Amino acid sequence: MSRLSSADSRATSEEIPATEAADTEEAIEVDEAREDLLADLRAELGDALVDTHIDPGREVWARVSLESWVAAGTFARDGLACHFFDFLSAIDWMPSPFGRDMNSQEDLIVDGAPDSAAQAPGGAAADEQATGYAGGDTRFQLLARVHAPSRGLGLILKADLGDDPDLLRAATWVPVYAGAAWHEREAWEMFGIDFEGHPNLIHLYLPGEFEGHPLRKDFPLLSRRVKPWPGIVDVEPMPGEDEATVDTSEADANEDATEAAAE
Amino acid sequence: MGLVESGKMPKPMTKLLNLSRKYSLWMYQWGLACCGIEMGAALASPRYDMMRLGVIPFPASPRQADLIVVSGTITDKMAPSVRRLYEQMPDPKYVISMGSCTNCGGPYWDSYSVTKGLDQIIPVDVYIPGCPPRPEALLDAIAMLQAQIIDEDPAERWKGEPLVVS
C-alpha cells in the first residue's frame, strides 16, 4: 500500500536521519522509474509543475497549478499511460478551530487535558498549518491519484485551491476520467468545491437538504458538542493491566463527564 | 372473517390466533450494515436455524411481513425509506432493533450523517444490544417477542386503517 500524504507521515520521514534510512536493506536511494515519470511531467507542464516529492519505491507526488489541473490529468492519461483513475478528493489543512474540545473523554485521559487557551472555541489552538508532501500554500488542496498499470506506477497530483471557503473552484476531470464524476460530487458536497463543467453536480451521499460541508475543519460535530462521549463508562481493564489505576482513571473520567454535562 | 376485523375477536379465539401468529412470523430482513451478516447467520445457517422457531424470513415485500429486523447503521438519508417500508406493513406489525447502531447510533453516534436510533422514526418492540450481537441474541429476541405476542390483544396493536372485509 502506498502511504497517503499527510502531516503525520511527513513528520515521521523527516525524523529519520538519512544515514539510518540508508542502512536498511530495502531502502532505494534513486527511483529511476519515478524520476522519469516526473521528468516527462515537467517537460510537458513546465512552470505549472510547482513542487514534487518522491518516496523511493513507494509513491510520487506532483503539485501543479490549479489552471493546469485538467492539462496535468490529460497528460497523465495520454502521455504517462496512467489509464486507471484511483480517486479524487480534497484536503482542508486548517488546524481545527475548536482546538481539542472535539476530543473524546478517552483522548483526554490518554493525552492529558488541553490547556485552557486551546480549549476555548475559536481560541488560538495555533498548530502550524501542515501541507503534506510536495508542499502547499493554501488551506484547501485538491488531490487525485492515477495509476499506470503497464508501468506499475502511481502518481498523486495535487493543486492549491485557495483559502476562501466560498470561492473554491476547479475545472472538472470528467472529460478526462469518466470515473471522476462521483468523486467530484463527493468532494463538492463534503468540501464545497465547485467543479466547473461537471455534467451532474448533485448530492451523492448526503440528504438533499443537508446544510454545510462536513469534511471542512470548521464543521462542528454537534452531537459531541452537546454531550461528552458516553462510551467511557463501559471501559474495562485490558488483561494484565493494573486494575486499580484503571479504576481511578475511570472514576476521574466519570467526574469529568458529569462536570461537562453540568456546564 | 368478520370475527377478526381489525384484530377484534372473542377471547378464546384470541388465544388460538395468537398461538398461530406466534409461530408463523413472516420476517422481513433489513440488513443495513454489518449486523446483517449476523442476522444472515441466524437465519440461513444450520447451526442456529431460526425457522425452527416459526420465523419465515422470505416475504417478497413488506406488505406480506409481520416482523421486521432492522440491523445496521441507519443514515439520515436512509431513514425516510425505512419509515416508508414500515408504513407499508399490515397491522399488527412488530419491529426488532438489532445492534448498537440501530438502537442509538452506536459508534457513529456523533456523526453528521447517522440517525441516532431506530426508535426516532418507528416504534420498536425489542432491542438487541451488541456490536454486533451474536446470532443467539437474535434468537433470544424472537423468543421474547413470541412471549409478548401470546398474551396480547391484537386489537390494541391495530394502529392503521381498519380492515374492511366485504
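Further up the page is the structure itself.
Residues numbered from 1 in each chain as written. Chains lettered and ligands numbered in written order. Predicted model: local features only at pLDDT ≥ 70, side-chain atom pairs only at ≥ 80, totals over all residues. Heavy atoms only, no water.

Asks: Even after reading the chapter, I still don't get the sheet that holds strand E1 (residues 49-55) of chain A, so can you show me in this structure?
Replies: Across a sheet, paired strands are connected by hydrogen bonds in the backbone, their directions being either parallel or antiparallel. Residue and element names in this part refer to chain A. Strand order in the open sheet formed by 5 strands is E1-E2-E5-E4-E3, and the pairing between neighbours is mixed. Whereas interior strands pair on both sides, the edge strands pair on one side only; in this sheet they are E1 and strand E3 (84-92). Within the sheet, the average angular offset between the axes of one strand and its neighbour, ignoring direction, is 20 degrees. For strand E4 (residues 140-148) and strand E5 (residues 153-162), the ladder comprises 9 bridges, and the chain directions are antiparallel. Along E5, the bridge assignment pairs Leu 142 with Ala 159. Its contacts with the sheet place helix H3 (residues 32-45) against E1, strand E2 (59-64) and E5, and it is angled at close to 175 degrees to E1. Here helix H4 (residues 69-78) sits on the sheet in contact with E2, E3, E4 and E5, set at roughly 175 degrees to E5. (Pairing = 2+ DSSP bridges. Helix = DSSP H or I, 4+ residues; strand = E, 2+ residues; numbered from the N terminus. Axes fitted to C-alpha atoms, helices over the stretch in contact; angles between N-to-C directions. Contact = heavy atoms within 4.5 Å.)

Asks: Is there a simple way to explain the nonpolar core in this structure?
Replies: Most often, soluble globular proteins have nonpolar side chains that are buried together. Ranked by internal contacts, the top residues of the largest apolar core, which has 42 residues, are Leu 41, Leu 155 and Trp 173 of chain A. For this core, the secondary-structure elements that each account for two or more residues are H3, E1, E2, H4, E3, E4, E5 and helix H7 (180-191) of chain A. Sequence-distant contacts of Leu 155 of chain A, defined by excluding residues within four places in its chain, comprise Leu 37, Leu 41, Glu 59, Val 60, Ala 62, Ala 76, Leu 80, Ala 144, Arg 145 and Val 146 of chain A. Grouped together as the second largest cluster of nonpolar side chains are 21 residues, Val 55, Leu 67, Val 126 and Ile 149 of chain B included. (Core = buried A, V, L, I, M, F, W, Y, C linked by side-chain atoms within 4.5 Å. Buried < 20%, exposed > 50% of the residue type's maximum accessible area, 1.4 Å probe, protein only.)

Asks: Sorry, what's going on with the interface of chain A and chain B here?
Replies: Where interface size is quoted, it is often the accessible area lost as the parts come together. With 17 residues of chain A in contact, the opposing surface of chain B contributes 7 residues. Between chain A and chain B, the buried area comes to about 910 Å², and carbon and sulfur atoms account for 65% of it. Contact with chain B buries surface across chain A, with Pro 207, Leu 221 and Ser 223 of chain A losing the most and accounting together for 41% of the total. At the boundary of chain A and chain B, one finds 0 salt bridges. For the pair chain A and chain B, the number of links is 2 residue pairs in polar contact (both at pLDDT 80 or more). A class-by-class count of the residues in the side of chain A that touches chain B yields 13 nonpolar, 2 polar and 2 charged. (Buried area = accessible area lost by both parts, 1.4 Å probe. Salt bridge = Lys/Arg side-chain N within 4 Å of Asp/Glu carboxyl O. Polar contact = N/O pair within 3.5 Å; in protein donor to acceptor, adjacent residues only side chain to side chain. Nonpolar A, V, L, I, M, F, W, Y, C, P; charged D, E, K, R; others polar.)

Asks: Just checking my understanding: could you explain the side chain of Ser 71 of chain B for this structure?
Replies: Residues and elements named next belong to chain B. Within the secondary structure, Ser 71 is located in strand E3 (residues 67-71). A residue is classified by how much of its surface remains accessible, and Ser 71, at 0% relative accessible area, is buried. Filtering out sequence-adjacent residues up to four positions away, Ser 71 remains in contact with Trp 30, Gly 31, Leu 32, Ala 33, Cys 35, Gly 36, Met 39, Met 98 and Thr 102.

Asks: In this structure, what is going on with the packing of aromatic side chains? I would like to understand it.
Replies: Aromatic ring pairs are reported here in terms of the distance separating the ring centres and the angle at which the planes meet. Following the criterion strictly, the structure yields 9 aromatic pairs over all chains and no others. For the pair Trp 173 of chain A and Tyr 177 of chain A, a centre-to-centre distance of 5.4 Å together with 45 degrees between the ring planes defines the contact as tilted. With a relative accessible area of 0%, Trp 173 of chain A lands in the buried category. Look at Tyr 28 of chain B and Trp 30 of chain B: their rings are 5.8 Å apart centre to centre, the planes differ by 85 degrees, and that puts the pair in the edge-to-face class. On the accessibility criterion, Trp 30 of chain B (6% relative accessible area) is buried. Over the ring of Tyr 86 of chain B we find Lys 93 of chain B, and its NZ or CZ is 4.3 Å from the ring centre. (Phe/Tyr/Trp six-rings, centres within 6.5 Å; stacked < 30°, edge-to-face > 60°. Lys NZ or Arg CZ within 6 Å of the ring centre and 35° of its normal.)

Asks: Could you clarify how one ought to interpret the pattern of salt bridges in this entry?
Replies: Where charged atoms of side chains with opposite charge meet at close range, the side chains can pair. Residue and element names in this part refer to chain A. This model, assessed by the stated rule, comprises 13 salt bridges over all chains. Here Asp 137 and Arg 63 are joined by a salt bridge, their closest N and O atoms 3.6 Å apart. Taken together, the residues Asp 137 in the loop between helix H6 (116-119) and E4 and Arg 63 in strand E2 connect sequence positions 74 residues apart. Looking at Asp 137, the relative accessible area reads 61%, which means it is exposed. Measuring nitrogen to oxygen at the nearest pair gives 3.4 Å for the salt bridge that ties Arg 139 to Asp 218. Pair noted here: Arg 139 is in the loop between H6 and E4 and Asp 218 is in the loop between strand E7 (194-196) and helix H8 (222-226), with a separation of 79 residues, a long-range link. Overall, the relative accessible area of 8% leaves Arg 139 in the buried class. Counted as one network, the salt bridges with shared partners bring together Glu 59, Asp 86 and Arg 145.

Asks: Honestly, helix H5 (residues 135-150) of chain B in this entry has me stumped. Any pointers?
Replies: Side chains of residues three or four places apart in an α-helix project in the same direction, reflecting 3.6 residues per turn. The terminal C-alpha atoms of H5 of chain B, which comprises 16 residues, lie 23 Å apart, in line with the 22 Å expected from a rise of 1.5 Å per residue. Looking only at H5 of chain B, the buried set comprises Pro 135, Leu 138, Leu 139, Ala 141, Ile 142, Leu 145, Gln 146, Ile 149 and Ile 150 of chain B. (Expected span 1.5 Å × (residues − 1).)

Asks: Got a minute to help me understand the sheet that holds strand E4 (residues 94-98) of chain B in this structure?
Replies: All names here are of chain B. The strand order across the open sheet built from 5 strands is E2-E1-E3-E4-E5, with neighbouring strands paired in parallel fashion. Sheet topology places strand E2 (55-56) and strand E5 (126-128) at the edges, where each strand pairs with a single neighbour. Sheet contacts for H5: strand E1 (25-31), E2, E3, E4 and E5; angle to E4, the most-contacted strand, approximately 155 degrees.

Asks: It is not clear to me how the side chain of Thr 14 of chain B should be interpreted in this structure. Could you clarify?
Replies: Take Thr 14 of chain B: it is sitting in helix H1 (residues 11-22). Owing to a relative accessible area of 8%, Thr 14 of chain B belongs among the buried residues under this scheme.

Asks: Teacher, can you tell me more about the pairing of E1 of chain B here?
Replies: The side chains of a regular strand alternate, residue by residue, between the two faces of the sheet. All names here are of chain B. The pairing of E1 with E2 spans 2 bridges and is parallel. The residue of E2 that forms the bridge with Leu 25 is Val 55. Each parallel crossover has a hand, and for E1 linked through helix H2 (residues 35-44) to E2 it is right-handed. (Right-handed = clockwise from strand over helix to strand, strands pointing away.)

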